[in-house]
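The residues making up each chain are set out below.
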Number of protein chains: 2
Amino acid sequence: MAASIKDVAREAGVSIATVSRVLNDVDVVNEETKKRVVEAIKKLGYRPNIVARSLKTQRTRTIGIIIPDISNQFYPEIVRGAEDVANIYDYNIILCNTDLNIEKEMEYLKVLKEKMVDGVLYMSNSLEPNILSLIKQLQFPMVLVESKSKGEDIPSVTIDNEKAAYDGVTYLIKKGNKRIAYIGAGEDIVNASAMRYRGYKKALEKNNLTLDENRIYFTSSRARNGYKGINVILSKTKIDSIFCTSDEIAVGVINALRDNGIRVPEDIDVMGFNNVYLASVFYPKLTTISQPIYDMGSIGMRMLIKMINKEKLEERNYILPHELIERDSCK
Amino acid sequence: MAASIKDVAREAGVSIATVSRVLNDVDVVNEETKKRVVEAIKKLGYRPNIVARSLKTQRTRTIGIIIPDISNQFYPEIVRGAEDVANIYDYNIILCNTDLNIEKEMEYLKVLKEKMVDGVLYMSNSLEPNILSLIKQLQFPMVLVESKSKGEDIPSVTIDNEKAAYDGVTYLIKKGNKRIAYIGAGEDIVNASAMRYRGYKKALEKNNLTLDENRIYFTSSRARNGYKGINVILSKTKIDSIFCTSDEIAVGVINALRDNGIRVPEDIDVMGFNNVYLASVFYPKLTTISQPIYDMGSIGMRMLIKMINKEKLEERNYILPHELIERDSCK
DNA sequence: TTGTAGGCGTTATCAC
DNA sequence: GTGATAACGCCTACAA
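Going by the annotation in an unreviewed UniProt entry, the name recorded for chain A is LacI family DNA-binding transcriptional regulator, with Clostridium lapidicellarium given as the source organism.

Below is the structure:
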């Protein structure tokens, strides 16, 4: 067993109380004895046991991060942003992948509570009643990233997804496009990306373009879904551009178009969403709506740590700016 | 404060020992009292405090994962593989990004020890003496992923990097290439990828091709480095193909070639390494050496958990198979 | 089958 | 300034 505070106390010829005092730099300790303690610590290679400390202080200095899937292109950067600031404030993170499976989410929430994390950063698309009531019951500091809670008022950091999509589609329209397809999240899904569909509709409406269901394909954010989706649309109708709710979808779309001998952007414009790393190296480089991904993680973590420290949040629902990145997949 | 074992005991009218027994399903408890306890638990919404349990049992059921950077394309999948099996065995993971910074690595190692993790999965390229002696001092179950320790004999899971590179370059040669460039990790770096350079040299040698330093560019695994590297090489000499030690480098190379009006694979073959997601959606799809990334994480975690349970490892240094994936970036 | 009590390694409140 | 000592919440001999 590793050396404990007792061993240090014995070695330095003082009580454990004194050792604890120098450890935490609290109260006043005689310079001389302090030196003795420090030496004993070094000699024994003593390291405080944080588990024991946590039991006493009721804080673990670890934070849970719940995400759908770290191997999705989007989350690593959020997690990196979060971990970087956690690290600054001496917190560690426990990472949990849920695949958006409600059971798994609930399970992780419970375990995190049992492990006494000081707070959780939560990414999910369905804050359904069961989850919400569990969260309320478990009672930990929590901030939502990428989504918002309706009634419960859990602090959050997001972008204005509806406006972002609106801006993207408007851009497409300004380029002279009139038959704009949509591939991505449907409105039935209660999450951030569903807002994008509303933005799409609004932009069409505002510009007196009619919504044609043949140009709409609802699916999740994977390249192969984009590939399939565009083929379905092409088999039904003609289009001049496509608005995708993720860069991965856009990549699938472009690959499908290429296989059909259709050029991007000469023949058709395609726009992505998120501005993931892939978007900047793909050929053609993707014109896309950029979310400040890293910042969403770091700001979310900053808020969470404030909450843990009972500090007041200036803003409970941060809406970060999005940006349209013009590259080569639109004319 | 949340309900504790005491509250449950009081509620059920038994001692805490009995509650503990039903909690851990140990010893024999009368069916009737057991039922009372279970009901009390449910009524109070009691959840055991794992921190307290850990202090007693000296196991936290959490494992540290140390990686260079989760936002690098390579690591999310390893982490996912690791977390999936950790989850199966009721472990959680603490994620630590080091950017390969030695100070950070040491810091995390110490904190993980203080937080009493049961073991660590370690990814680094430089197992330098300081780190090694710290590891020895800290004494935890550890497995190395992607790299091996020379002397210390820390269990590991890797592929045969030298052979993999040898196979890749041989493939290029068989396709009729004779002036094969190399862009990637240099041999000074003491890590897995350095072995790839040796494989490259060996393949040339075996086929009586001379090594031309003008065709070599050492750099780290980023697309922009590939972009720069190939331009440097092209300014000095002529080549017919390029072996890259990462897919990201290959992507940068291809983008640079395209900007120079050189076609891939018609004019030049380029081969990647790792078979990251990007490789399968990029245009042209990358011919590359596939590492079983997910498996490296999951197998590493399996080994680690065995070690934690004091079970014997059948194999201390797993060498997983690599595979040459033929796609469209080579003729 | 059940209860009592000691201890895991700390912190923090008392006295001295 | 320093030292006992009681928690923190749980597990586990040992008794009963």
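Moving on from the coordinates now.
Peer 1: What's the story with the overall build of chain A in this structure? I'm lost.
Peer 2: Across its full length, chain A carries 13 helices and twelve strands. Taken over the C-alpha trace, chain A has a radius of gyration of 26 Å; the compact-globule value for 331 residues is 20 Å, which it surpasses by more than 25%. In terms of principal-axis extent, the alpha carbons of chain A reach across some 85 × 40 × 35 Å. Across the 331 residues that make up chain A, the buried fraction comes to 56%. Surface summary for chain A: the accessible area is close to 14,800 Å², and the carbon and sulfur share equals 48%. Across chain A, the centroid of the 47 positively charged side chains sits 2 Å from that of the 44 negatively charged ones.

Peer 1: Looking at this structure, I do not really get the protein's contact with DNA strand D. What am I missing?
Peer 2: The local shell around DNA strand D holds 28 residues, among which Thr18 and Arg21 of chain A together with Ile5, Tyr46 and Arg53 of chain B are the closest. Of all atoms in DNA strand D that approach within 4 Å of the protein, 64% are sugar or phosphate atoms. Put simply, the parts of the chain that give the surface near DNA strand D at least two residues each are helix H2 (16-24) and helix H4 (50-57) of chain A together with helix H1 (5-12), helix H2 (16-24) and helix H4 (50-57) of chain B. In terms of residue class, the surface near DNA strand D is made up of 13 nonpolar, nine polar and six charged.

Peer 1: Could you clarify how one ought to interpret the packing of aromatic side chains in this entry?
Peer 2: What describes a pair of aromatic rings is the distance from one ring centre to the other and the angle between the planes of the rings. Residue and element names in this part refer to chain A. All chains considered together, the criterion is met by 17 aromatic pairs over all chains. Summarising the aromatic geometry, the rings of tyrosine 182 and tyrosine 197 are spaced 4.9 Å apart at their centres and angled 65° between planes, so their arrangement reads as edge-to-face. In this pair, tyrosine 182 sits in strand E6 (residues 180-184) while tyrosine 197 sits in helix H9 (residues 192-206), placing the two residues 15 residues apart along the sequence. By the burial criterion, tyrosine 182 is buried, and tyrosine 197 matches it.

Peer 1: For this particular structure, what's the right way to read the relation of the copies chain B and chain A?
Peer 2: Both copies of the chain are related through a single rotation about an axis accompanied by a shift along the same axis. When chain B is fitted to chain A, the best match, at an RMSD of 0.1 Å, comes from turning it 180° and sliding it 0.0 Å along the axis. Read as a symmetry element, the transformation amounts to a two-fold axis. If distances are taken from each C-alpha of chain B to the rotation axis, the shortest is found for isoleucine 94 of chain B, at 2.2 Å. Here 98% of the contact residues of chain B are again contact residues in chain A; the copies associate through an equivalent surface.

Peer 1: Just checking my understanding: could you explain the protein's contact with DNA strand C for this structure?
Peer 2: In the vicinity of DNA strand C there are 28 residues, among which Ile5, Tyr46 and Arg53 of chain A together with Arg21 and Thr33 of chain B approach most closely. Atoms of DNA strand C within 4 Å of the protein: sugar and phosphate make up 61%, bases the balance. Within the backbone of isoleucine 5 of chain A, an N or O atom sits 2.7 Å from a phosphate oxygen of DNA strand C. Measuring from a base nitrogen of DNA strand C, one finds a side-chain N or O atom of arginine 21 of chain B at 2.6 Å.

Peer 1: It is not clear to me how the pattern of salt bridges should be interpreted in this structure. Could you clarify?
Peer 2: Where charged atoms from two side chains of opposite charge come close, those side chains can pair. Per the stated rule, a full pass over the model turns up 34 salt bridges over all chains. With a closest N to O distance of 3.3 Å, arginine 80 of chain A and aspartate 84 of chain A form a salt bridge. Of this pair, arginine 80 of chain A and aspartate 84 of chain A are both found in helix H5 (residues 75-88), four residues apart, which corresponds to roughly one turn of the helix. Side by side, arginine 80 of chain A and aspartate 84 of chain A carry an identical accessibility label, which is buried. In this structure, the salt-bridge partner of aspartate 27 of chain B is arginine 21 of chain B, at a minimum N-O distance of 3.7 Å. Taking the relative accessible area as the measure of exposure, aspartate 27 of chain B reaches 57% and is therefore exposed. On the basis of relative accessibility, which here comes to 30%, the residue arginine 21 of chain B falls in the partly exposed class. Because the salt bridges share partners, they merge into one network encompassing Asp69, Asp99 and Lys104 of chain A together with Arg80 and Asp84 of chain B.

Peer 1: I would appreciate a short explanation of the interface of chain B and chain A in the present structure.
Peer 2: One widely used convention gives an interface's size as the accessible area the parts lose upon coming together. Between chain B and chain A, the residue contacts involve 52 residues of the former and 52 residues of the latter. Carbon and sulfur atoms supply 58% of the area buried between chain B and chain A, which totals about 4,600 Å² over both sides. Notably, a salt bridge pairs arginine 80 of chain A with aspartate 99 of chain B, separated by 2.9 Å at the nearest N-O pair. Linking chain B with chain A are 22 residue pairs in polar contact (both at pLDDT 80 or more), by the criterion used here. Going through the elements one at a time, H4, helix H5 (75-88), strand E2 (92-97), helix H6 (102-114), helix H7 (129-138), helix H11 (247-259) and helix H12 (277-281) of chain B are the ones with two or more residues in the side of chain B that touches chain A. Taken together, the residues that form the side of chain B that touches chain A break down as 25 nonpolar, 13 polar and 14 charged.

Peer 1: Mind showing me how you'd approach the nonpolar core here?
Peer 2: Looking at soluble globular proteins, one finds that nonpolar side chains tend to be buried together. Ile242 and Met301 of chain A together with Ile242 and Met301 of chain B are the most contacted members of the largest nonpolar core, which has 146 residues in total. The residues touching methionine 301 of chain A, leaving out its near neighbours within four places in the chain, are Ile63, Ile65, Ala82, Val85, Ala86, Ile93 and Leu121 of chain A. Residues Ile94, Ile135 and Ile154 of chain A together with Leu109 of chain B belong to the second largest nonpolar core, which totals 41 residues.

Peer 1: Would you explain the domain arrangement of chain A in this entry?
Peer 2: Residues and elements named next belong to chain A. Once the domains are mapped, chain A shows domain 1 (5-48), domain 2 (62-158 + 293-320) and domain 3 (161-291). Here the C-alpha centre of domain 3 lies 29 Å away from the C-alpha centre of domain 2. Contact residues are listed per partner, giving eight residues for domain 2 and ten residues for domain 3. Of the roughly 880 Å² buried between domain 2 and domain 3, counting both surfaces, carbon and sulfur atoms make up 52%. On the domain 2 side of the interface with domain 3, the three residues burying the most area are Gln73, Asn125 and Ile293, jointly 52% of the side's total.

Rules behind the numbers
Residues numbered from 1 in each chain as written. Chains lettered and ligands numbered in written order. Predicted model: local features only at pLDDT ≥ 70, side-chain atom pairs only at ≥ 80, totals over all residues. Heavy atoms only, no water. Helix = DSSP H or I, 4+ residues; strand = E, 2+ residues; numbered from the N terminus. Rg over C-alpha atoms; globule rule 2.2 N^0.38 Å. Buried < 20%, exposed > 50% of the residue type's maximum accessible area, 1.4 Å probe, protein only. Areas by Shrake-Rupley, 256 points an atom, 1.4 Å probe, with all protein chains shown as cover. Lys, Arg positive; Asp, Glu negative; His and termini not counted. Charge placed at Lys NZ, Arg CZ, Asp CG, Glu CD. Near = heavy atom within 4 Å. Nonpolar A, V, L, I, M, F, W, Y, C, P; charged D, E, K, R; others polar. Phe/Tyr/Trp six-rings, centres within 6.5 Å; stacked < 30°, edge-to-face > 60°. Least-squares fit on C-alpha atoms with pLDDT ≥ 70 in both. Contact = heavy atoms within 4.5 Å. Polar contact = N/O pair within 3.5 Å; in protein donor to acceptor, adjacent residues only side chain to side chain. Salt bridge = Lys/Arg side-chain N within 4 Å of Asp/Glu carboxyl O. Buried area = accessible area lost by both parts, 1.4 Å probe. Core = buried A, V, L, I, M, F, W, Y, C linked by side-chain atoms within 4.5 Å. Domains from an automatic or database assignment.

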